[in-house]
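# Tertiary structure, described
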Amino acid sequence: MKRYKGSARGTKMPKETQAFLRGVFLRHAKASPTAALQLLKTENFKRKEKGIDQIPVPEIRTTQRFMKAISDIEKLGARMDAKKARLDLALSYGGPSAEAPLERVEMDEKFLDVFVFLTETGLINEIHPDIIARLERMGSEVDDDEDEEVEEGKSGKRRRKKKAKKSEDNRKRLWWSVAMDVASRSVLGMKILRTVQPTPRDAVEVLEMACTSKAHIVEALRTKNPWPQEGKPWFVVADHGSAYDSFEFQHCVVALTGNVLSPPADHPYMRGTIERFFRTIDGKYMHLLPGQSFGNIIAKGAGYNPKKAARLTDIELAECLSRLIIDSYHNTPQDEALGGRTPLQMWGFLNKTHEVRQVDEETRRKAFAISVPNRHITDSGLVFLGLPYGDERVQEIRNQSTKGTFTIRVSPRDLSKIWVKTQNGRGYYELQCNLSGTEHLTLNQWKAALHHMRKTVKKSQEGSWEIALRAIYQVQKLVKAAEDRAGIAIATWTVEDLQNLERDVVQGVIYKRPYEMDYGQQIHQQLNPGDGSANAPIEDLAEPEANLDSEFGDVDDGVKRDPNRFATPEEGVRREGRPKPDQYRDDPPQVEPNSSSSGRRSKNRIGGPKPWQGIKG
């Protein structure tokens, strides 16, 4: 018996007809089957006039079944946008979750809807002008780059008149980079970006802030609440922006956590926590800041210019955002996400039941240090920004070859040591700075000291480490206060910035300690003057070590010394001078009975006469 196998699945409509009907139906939201067939017949009439093959025309019922089979997501994607269609039809199930603190850290960037005035990027320029003027003791500098224009007077003479320099509009919108803990909904780190687009180094510094204590920011801003959220994350999740897809950021994440977790692009619900945080900030806090901009012209209103309404600088915006996060957002209860707890309370609760790991120094160096390539070994060792580094290993490498180049890693938080990449490229070894006083010296503080010396130190004094220590002491506290005040708005250090600083400011100067004399040889010459007298006194020639508190040894100790005490003594004359006429010369002084010893004491000198012995004359 012959069995009926049925027909093949799908429509038997020709491909040309399917393509034409699909294009008509997807382009026009209100296209009906009858209207689609009418457009098909019009197209066939045009083809007939041109002598082109016509498209087969299906039946009305076949056209209805074909159009009904097209999915809704395909309709919305063709009529609006594929990404918007997928988000509109996606189910909302909360996204990935975390149960332990720092189990999942999400990072993202946002273009802030507020205009601010940009200040200078250098921290020395962010200090109060009166302090800088008193520190530098210099007058105002005249700008020589002003344009000049020619003006003709009544007498016909042409004279030059300085033309006012056009002030550029420095009111801009800035990027905001944030790292957030999913389990406690806490902000771990954030940074106001001065760059046009976020850079990989910005992302690395935000992640470093998430792992580091932020007590200095709390102390500088005098907030009512602490900011204790810090530690080593287990997973770091970011989008596919250029900053996060870079090798520098990926290398940082691998060195810090040991793994990489990159969700698929255009799926914001995979990072739903930080996306919801940005919506909360826009809805609750942005209207409090002057200069707010609006994406919707209806919400903006007529006649409103956000640039004219700008009042804050970028440093003030950083302070406002820090206070809003520390004192407001971290203390706002979240009923659905945290069960009525605040992010600060949730962080404390989770810390009692889960371990929070801290970042050790080796991991911090691998993850957050800046790589500077093409460094050479000079006579002073490996020199970075005028600071020499070296030990026996560097000497051995220089003995083998003087033309090699090396890659070093530098921490902007501490210039007392650097790390040099090994010759096999599999690791780094540490080098200490050969100058004392660089402990806990930051890159911003050294930059400020270099600029200060550039303006105040004479050309003949360049390279003196004592002068550099004095400059560091003068600007260190000021720059530290500026760093703490700026908080999340400090400019990011890049390799290009380091190279520009070394080329334009350092200019090849290598700072060295002052020359140290061989005092042992000098004392030996004084004890044995060579003329047979051998009566030179022993003096304490060692001076106290120069430090910042004593202003590098410039303070007088109050002891008056004979300027000729090191000269060869005359024959028969004591150091203290010639004897007085009434002094006994023949008989030694006798002690009277029942008399107390005199408080005056004479110094016993090696090879010199005793106090009671006469002086040969």
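For the structure given in this document, a descriptive report is provided here. (Residues numbered from 1 in each chain as written. Predicted model: local features only at pLDDT ≥ 70, side-chain atom pairs only at ≥ 80, totals over all residues. Heavy atoms only, no water.)

## A few points about the packing of aromatic side chains
Counting across every chain of the model gives eight aromatic pairs. An angle of 40° between the planes, with centres 5.1 Å apart, marks the rings of Phe111 and Trp175 as tilted. Of this pair, Phe111 sits in strand E1 (residues 105-117) while Trp175 is found in strand E4 (residues 171-181), placing the two residues 64 residues apart along the sequence. With a relative accessible area of 33%, Phe111 lands in the partly exposed category. Ring geometry for Trp446 versus Trp465: centroids 6.2 Å apart, planes at 55°, classification tilted. Of this pair, Trp446 sits in helix H17 (residues 443-456) while Trp465 is found in helix H18 (residues 465-486), placing the two residues 19 residues apart along the sequence. The side chain of Lys214 reaches across the aromatic face of Trp227, ending 5.4 Å from its centre. (Phe/Tyr/Trp six-rings, centres within 6.5 Å; stacked < 30°, edge-to-face > 60°. Helix = DSSP H or I, 4+ residues; strand = E, 2+ residues; numbered from the N terminus. Buried < 20%, exposed > 50% of the residue type's maximum accessible area, 1.4 Å probe, protein only. Lys NZ or Arg CZ within 6 Å of the ring centre and 35° of its normal.)

## Observations concerning the pattern of salt bridges
Applying the stated criterion to the full structure yields 15 salt bridges. With its nearest N and O atoms 2.8 Å apart, the salt bridge here joins Asp314 to Arg194. With Asp314 in helix H12 (residues 314-328) and Arg194 in the loop between strand E5 (186-193) and helix H7 (200-211), the pair connects residues that are 120 residues apart, well separated along the chain. Both residues of the pair, Asp314 and Arg194, belong to the buried class. (Salt bridge = Lys/Arg side-chain N within 4 Å of Asp/Glu carboxyl O.)

## Quick notes on the side chain of Ser416
Mapped onto the secondary structure, Ser416 falls in strand E11 (residues 414-421). Reaching out from Ser416, the side chain makes a polar contact with the side chain of Asp414 at a distance of 2.8 Å. With near-sequence residues (within four places) excluded, Ser416 lies in contact with Tyr389, Leu431, Gln432, Cys433, Thr438 and Glu439. (Polar contact = N/O pair within 3.5 Å; in protein donor to acceptor, adjacent residues only side chain to side chain. Contact = heavy atoms within 4.5 Å.)

## Quick word on the packing of H7 against helix H15 (residues 361-368)
Interaxial distance between H7 and H15 falls to 10 Å at its minimum, and their mutual angle equals 160°. As judged from the angle between their axes, H7 and H15 are roughly antiparallel. Crossing angle aside, the handedness with which H7 passes H15 is right-handed. Where H7 abuts H15, its residues Arg201, Val204, Leu207, Glu208 and Cys211 lie against Arg364, Ala367 and Phe368. Residue composition of the contact of H7 with H15, by class: five nonpolar, no polar and three charged. (Axes fitted to C-alpha atoms, helices over the stretch in contact; angles between N-to-C directions. Parallel < 35°, antiparallel > 145°, perpendicular 65-115°, else oblique. Left-handed = near helix turned anticlockwise from the far one by under 90°. Nonpolar A, V, L, I, M, F, W, Y, C, P; charged D, E, K, R; others polar.)

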